[in-house]
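Chain by chain, the residues:
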Amino acid sequence: MNPYDESDPYQDGAYAADAGAAGAAHDEADRLVAAAADGEDSAVEAALRPKDLEEFVGQEKVRQQLDLVLKAARQRGATADHVLLSGAPGLGKTTLSMIIAAEMGAPIRITSGPAIQHAGDLAAILSSLQEGEVLFLDEIHRMSRPAEEMLYMAMEDFRVDVIVGKGPGATAIPLELPPFTLVGATTRAGLLPPPLRDRFGFTGHMEFYAPEELERVIHRSARLLDVEIDTAGAAEIAGRSRGTPRIANRLLRRVRDYAQVRADGVINREVSATALKVYEVDERGLDRLDRAVLEALLKLFGGGPVGLSTLAVAVGEERETVEEVAEPFLVREGLLARTPRGRVATPAAWAHLGLVPPVRPGTGSPGQGGLFGS
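For clarity, every value in this text was computed on a predicted model and none was experimentally measured.

Conventions we followed
Residues numbered from 1 in each chain as written. Predicted model: local features only at pLDDT ≥ 70, side-chain atom pairs only at ≥ 80, totals over all residues. Heavy atoms only, no water. Helix = DSSP H or I, 4+ residues; strand = E, 2+ residues; numbered from the N terminus. Buried < 20%, exposed > 50% of the residue type's maximum accessible area, 1.4 Å probe, protein only. Contact = heavy atoms within 4.5 Å. Areas by Shrake-Rupley, 256 points an atom, 1.4 Å probe, with all protein chains shown as cover. Core = buried A, V, L, I, M, F, W, Y, C linked by side-chain atoms within 4.5 Å. Pairing = 2+ DSSP bridges. Axes fitted to C-alpha atoms, helices over the stretch in contact; angles between N-to-C directions. Expected span 1.5 Å × (residues − 1). Bend = angle between axes of the 7 residues up to and from the residue. pLDDT = per-residue confidence, 0-100. Lys, Arg positive; Asp, Glu negative; His and termini not counted. Salt bridge = Lys/Arg side-chain N within 4 Å of Asp/Glu carboxyl O. Phe/Tyr/Trp six-rings, centres within 6.5 Å; stacked < 30°, edge-to-face > 60°. Lys NZ or Arg CZ within 6 Å of the ring centre and 35° of its normal. Parallel < 35°, antiparallel > 145°, perpendicular 65-115°, else oblique. Left-handed = near helix turned anticlockwise from the far one by under 90°.

> Would you explain the overall build of the chain in this entry?
What the chain contains, in helices and strands, is 15 helices and eleven strands. Taken across its 374 residues, the chain has 47% of its residues classed as buried. Counting contacts in the chain only where the partners sit at least 6 residues apart, residues at least 24 apart contribute 70% of the total. With an accessible surface of roughly 17,500 Å², the chain has 52% of that area assigned to carbon and sulfur atoms.

The following block contains the structure:
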């Protein structure tokens, strides 16, 4: 097996096609450290979501800017500008959309880009909106092109043209819409066409949370779940939560279960660490799949470079699963690098797994020969 896979070009963080992404998303949903929400998460999140901007933890810049936008709109007695929120899953985009509706005293309609496959689907939603209503469109980048083009006019002129009939006899019937606020959410802002991005009055990018902010999220969620947790226990969970509140809340619930069954119900550092060891989440937030990728890269291929397809075969996973589920976090943590020659382990990866890098031939020093062109 040749670890150098020429069919694996450097992709610089690019995602695979939507078909592959769908399969990877299914694999992601099965992980305890997945940023995507499943049915159980969605139900619990509804109870844990903050209700206003004051209660919302983290995202200070976005929160302050959005507060100004909403207060100014209320003072004018107008609907708020259209809002675009971008960032990784689990950072609070849906929560902020609900807060926008609550702050404006308006109802909210929730749908998603994949659910709008035809312009008629969007026309039906828009025509039923009330004045001032907030329309939350999740994964807006996955909306069909005809619906996207209809959305341009709806956002700018609050009007859509409904086509009746086909061919030369087709007629466009203009339909006036009440003023509304569109809140679009996307995990891939680069896929949004410029004409759509330009029609949003406010754009906010959601950053990953610092451990201190996640500790505040965990303490707040523990109060709502009636769980007793100390500062050290919250810090232990926060450090393994990948900078994502959704993951922090999920880990908190699993640690709560462990504390309830095998401890006295109180979560401290020892209980948190022991519980997360049972669930195979290590001190940096890596789970079984992450460690399997690193171990294959280090033990089988000497730290790389190795092609993505070869690495996926060694791990026993699909190529898309490794690329879209495991790699983004490993790259962000500085444990893995994507290079033109393939995937490469960093010194931090060797240290994390407690392994010693191989000696570079002819130098007597550790590392892969010619890794960075040396």
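Picking up where we left off.
> What's the story with the nonpolar core in this structure? I'm lost.
For soluble globular proteins, nonpolar side chains are generally found buried alongside one another. In this structure, Leu 96, Ile 218, Ile 229, Ile 237 and Ile 267 are the most contacted members of the largest nonpolar core, which totals 45 residues. A per-element tally of this core places helix α10 (residues 245-262) first, with seven residues. Grouped together as the second largest cluster of nonpolar side chains are 24 residues, Ile 116, Leu 129, Val 160 and Leu 177 included.

> Sorry if this is basic, but what is going on with the sheet that holds strand β7 (residues 202-205) here?
For sheets, the rule is that strands pair by backbone hydrogen bonds, running either parallel or antiparallel. Spatial ordering of the open sheet is given by β2-β3-β6-β1-β7, a layout of five strands whose pairing is parallel. Of all strands in the sheet, those with a lone pairing partner are β2 (108-112) and β7, marking the two edges. Taken over all neighbouring pairs, the strand axes of this sheet differ in orientation by 15 degrees on average, direction set aside. Direction of pairing for strand β1 (residues 83-86) relative to β7: parallel, over a ladder of four bridges. Across the sheet, residue Leu 84 finds its bridge partner in β7, namely Thr 203. On the sheet, helix α4 (residues 93-104) packs against β1, β2, β3 (134-138) and β6 (181-186) and is oriented at approximately 175 degrees with respect to β3.

> Is there a simple way to think about unusual backbone geometry in this case?
Most of the time, phi is negative for any residue but glycine, and the peptide bond is trans. In this model, Gln 59 sits at a positive phi of 50 degrees, which is unusual for a non-glycine residue. Within the element layout of this structure, Gln 59 appears in the loop between α2 (39-48) and α3 (60-76). Judged by relative accessible area, Gln 59 falls into the buried class, the value being 7%. Phi at Phe 158 takes a positive value of approximately 50 degrees, unusual for a residue other than glycine. The topology assignment puts Phe 158 in the loop between α6 (145-157) and β4 (159-164).

> Is there a simple way to think about the pairing of β1 in this case?
Burial along β1 is two-sided: Val 83 and Leu 85 facing one way and Leu 84 and Ser 86 facing the other are all buried. The pairing of β1 with β6 spans four bridges and is classified as parallel. Counterpart to Ser 86 in the pairing with β6 is Thr 186.

> How should I be thinking about helix α14 (residues 319-332) in this particular structure?
Residues three or four positions apart in an α-helix share a direction because the helix packs 3.6 residues into each turn. Compared with the 20 Å implied by 1.5 Å per residue over 14 residues, the 19 Å span of α14 between its first and last C-alpha is a close match. The largest bend in α14 is about 45 degrees, located at Ala 326, with the proline Pro 328 one to four residues further on. Taken together, the buried positions of α14 are Thr 321, Val 322, Glu 323, Glu 324, Val 325, Ala 326, Glu 327, Phe 329 and Leu 330.

> Would you mind showing me how to read the confidence of the model for the chain here?
Averaged over all residues, the pLDDT of the chain is 82; the fraction at 70 or higher stands at 83%. Looking at the elements of the chain, mean pLDDT is at its lowest for helix α1 (residues 18-29), recorded as 48, and at its highest for β3, recorded as 93. Note on residues 1-24: pLDDT is under 50 here. Beyond four places in sequence and across chains, it has 44 contacts. Below a pLDDT of 50 lies the segment residues 369-374, which in the model reaches six contacts outside its immediate sequence neighbourhood of four places, other chains included.

> Looking at this structure, I do not really get the environment of Ala 234. What am I missing?
Positionally, Ala 234 belongs in helix α9 (residues 231-238). We classify Ala 234 as buried; its relative accessible area is 0%. Put simply, Ala 234 and His 219 are 15 residues apart on the chain and 6.9 Å apart in space, counted from C-alpha to C-alpha.

> Can you help me understand the side chain of Glu 215 in this one?
Counting through the fold element by element, Glu 215 comes out in helix α8 (residues 211-224). Of the side chains bearing the opposite charge, Arg 269 lies closest to the buried Glu 215, which forms no salt bridge; the N-O distance is 7.5 Å. In contact with Glu 215, not counting residues within four places along its chain, are Thr 231, Ala 234, Ala 235 and Ala 238.

> So what exactly am I meant to see when it comes to the packing of aromatic side chains here?
To describe a pair of aromatic rings, you give the distance between the ring centres and the angle between the ring planes. Throughout the structure, instances matching the rule amount to one aromatic pair. Aromatic side chains Phe 158 and Phe 180 sit 5.5 Å apart centroid to centroid with 80 degrees between the ring planes, which places their arrangement in the edge-to-face category. With Phe 158 in the loop between α6 and β4 and Phe 180 in the loop between β5 (171-176) and β6, this pair connects stretches of sequence that are 22 residues apart. The partly exposed category is assigned to Phe 158, whose relative accessible area is 22%. The ring centre of Phe 329 lies 3.9 Å from the NZ or CZ of Arg 242, which sits over that ring. Positioned above the aromatic ring of Phe 208 is the side chain of Arg 332, whose terminal nitrogen or guanidinium carbon lies 3.6 Å from the ring centre.

> Would you mind showing me how to read the pattern of salt bridges here?
Between side chains of opposite charge, pairing is possible as soon as their charged atoms come close. Scanning the model with the defined rule gives 17 salt bridges in all. The salt bridge involving Arg 256 is made with Asp 257; its shortest N-O contact spans 3.5 Å. Judged by its relative accessible area of 25%, Arg 256 is partly exposed. With its nearest N and O atoms 3.7 Å apart, the salt bridge here joins Asp 282 to Arg 291. One exposure class covers both Asp 282 and Arg 291, and it is buried.

> In this structure, what is going on with the packing of α3 against α4? I would like to understand it.
Packed helices, taken two at a time, are described by their axes: the angle between them and the distance between them. Contact pair α3 / α4: the axes reach a minimum separation of 10 Å and the direction vectors enclose 30 degrees. As summarised for this structure, α3 and α4 are arranged roughly parallel, according to the angle between their axes. Judged by the sense of rotation from one axis to the other, the crossing of α3 with α4 is right-handed. Here α3 contributes Val 62, Leu 66, Leu 70, Ala 73 and Arg 74 to the contact with α4, which in turn contributes Leu 96, Ile 100, Glu 103 and Met 104.

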